[in-house]
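Listed here are the chains, written in short residue letters.
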Amino acid sequence: MVLLEPPLKHTQRLDIARLAGILGERNLVEEEVLTGLLEASQTGAQPFCEALVQGGFLSDWDLGRVVSEVFQLAFIPTEQLKPDPELLEVFDADFLMQQGLVPVHRFGEVVTVAMPGLVPADALAMLGAATDLVVLPVVGTVQGNRAWLDKHLRPDMSSDSRWGNLFDEGEANVQRAIDGVAAALPAEGQAGHARSNAGSLMGEGDEVACDLPPAPTFEPETREA
């Protein structure tokens, strides 16, 4: 399937930079992080919303809540949508994987598509232009979309090295984007981010035990005469 160039206008402008601005104004994510992830996403390293969630800078739930509020879209976690796998035959698999989009339901010429938080309007326009369908976006979750796409689109890596290389490259780009943002943060910001990630894995009063147990001792073996 050949993806056409997006039309000049779209019914609803979904702007990633605007979302980044709102997140900064609400002090949900540090400005340095937002700037770094925006720049990385523009170079094709990783979609902005996926970098936010997978990098531990914002939860899936908080991201979906903000996107839904700002852009007046329904927020339905992907796990609750029960997408129709047969719709995958209509769309380009590489494009869906690249953008993290999940086609959910088709009614006539209208297809509902779950976004991983938010994608640029041009991505949805390209999807519609390639299929002659009207795309109706809803706000899904980053992790839910990826889990569904991995289950239904990710083939056996041993059968096609092209797919294996694609995912290896994608994971490397994710790590480079996160490392680049972390390096740009001041020392206090890096420590705060590390504490935030640790806090999401442990309760408030939990402590991390770093002491190793003592090495085992063994009685010398005796042999009978």
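Before any of the text, the structure's been laid out above.
Here goes a summary of the coordinates provided. (Residues numbered from 1 in each chain as written. Predicted model: local features only at pLDDT ≥ 70, side-chain atom pairs only at ≥ 80, totals over all residues. Heavy atoms only, no water.)

A large share of strand β2 (residues 110-115) lies buried, amounting to 5 of its 6 residues. Linking strand β1 (residues 102-107) back to β2 in an antiparallel pair, the connection comprises 2 residues, with Gly-108 at a positive phi of about 65°. One ladder, built from 6 bridges, connects β2 with strand β3 (residues 134-139); its direction is parallel. Among the inter-strand pairings, Ala-114 is bridged to a residue of β3, identified as Val-138. Remark: the β2/helix α6 (residues 121-131)/β3 crossover connection has right-handed handedness. (Buried < 20%, exposed > 50% of the residue type's maximum accessible area, 1.4 Å probe, protein only. Helix = DSSP H or I, 4+ residues; strand = E, 2+ residues; numbered from the N terminus. Pairing = 2+ DSSP bridges. Right-handed = clockwise from strand over helix to strand, strands pointing away.)

Inspection of the entire model under this criterion finds 1 aromatic pair. Judged by centre distance (5.3 Å) and plane angle (55°), the rings of Trp-61 and Phe-75 are tilted. Placement of the pair is Trp-61 in helix α4 (residues 60-71) and Phe-75 in the loop between α4 and α5 (93-99), with a sequence separation of 14 residues. Here Arg-18 stacks its cationic end above the ring of Phe-71, 5.1 Å away from the centre of that ring. (Phe/Tyr/Trp six-rings, centres within 6.5 Å; stacked < 30°, edge-to-face > 60°. Lys NZ or Arg CZ within 6 Å of the ring centre and 35° of its normal.)

Turning next to the pattern of salt bridges. Applying the stated criterion across every chain, the model contains 4 salt bridges. For the salt bridge of Arg-65 with Asp-62, the shortest nitrogen-to-oxygen distance reads 3.5 Å. Placement of both Arg-65 and Asp-62 in helix α4 is noted, with a separation of 3 residues, approximately one turn of the helix. When its relative accessible area of 37% is taken as the criterion, Arg-65 is described as partly exposed. In this structure Asp-62 comes out as partly exposed when scored by relative accessible area, which is 26%. (Salt bridge = Lys/Arg side-chain N within 4 Å of Asp/Glu carboxyl O.)

What follows concerns the sheet that holds β1. As summarised here, the arrangement of the 3 strands in space is β1-β2-β3, forming an open sheet in which the pairing is mixed. In this open sheet, the two strands that pair with only one neighbour each are β1 and β3. Strand-to-strand twist of the sheet, defined as the mean angle between neighbouring strand axes without regard to direction, takes the value 25°. Contacting β2 and β3, α6 crosses the sheet at an angle of about 145° to β3. (Axes fitted to C-alpha atoms, helices over the stretch in contact; angles between N-to-C directions. Contact = heavy atoms within 4.5 Å.)

Counting residues in each nonpolar core, the largest one holds 53 residues, and the members touching the most others are Leu-19, Phe-48, Leu-52, Leu-63, Leu-101, Met-115 and Leu-118. Once you skip the residues sitting within four places of it in the chain, Phe-48 turns out to touch Ile-16, Leu-19, Ala-20, Leu-23, Leu-34, Leu-37, Leu-38 and Ser-41. (Core = buried A, V, L, I, M, F, W, Y, C linked by side-chain atoms within 4.5 Å.)

Structurally, Thr-78 can be placed in the loop between α4 and α5. For Thr-78, a relative accessible area of 4% gives the class buried. Polar contacts involving the side chain of Thr-78 include one to the main-chain amide nitrogen of Thr-141, which spans 3.1 Å. Setting aside residues up to four positions removed in sequence, Thr-78 forms contacts with Pro-83, Gly-140, Thr-141, Gly-144 and Asn-145. (Polar contact = N/O pair within 3.5 Å; in protein donor to acceptor, adjacent residues only side chain to side chain.)

Right, let's talk about unusual backbone geometry for a bit. With phi around 55°, Gln-72 is a residue other than glycine that occupies positive phi space. Within the secondary structure, Gln-72 sits in the loop between α4 and α5. The class for Gln-72 is exposed, based on a relative accessible area of 65%. The phi torsion at Asp-132 lies on the positive side, around 60°, for a residue other than glycine. Within the fold, Asp-132 resides in the loop between α6 and β3.

Another aspect to go through is helix α1 (residues 16-25). If you check which residues of α1 are buried, you get Ile-16, Leu-19, Ala-20, Ile-22, Leu-23 and Gly-24. Buried positions along α1 lie against α2 (31-42), α3 (48-54) and α4. Taken from the residues just after α1, Asn-27 is the one with a positive phi, measuring 60°.

Across its 12 residues, α2 extends 17 Å between first and last C-alpha, which sits within 8% of the 16 Å expected from 1.5 Å per residue. If you check which residues of α2 are buried, you get Val-33, Leu-34, Leu-37, Leu-38 and Ala-40. Summarising the axial view, the buried residues of α2 lie within an arc of 165°, below the 170-degree limit, and thus occupy one face. Phi turns positive one or two residues past the end of α2, at Gly-44, with a value near 85°. (Expected span 1.5 Å × (residues − 1). Arc of directions from axis to C-beta.)

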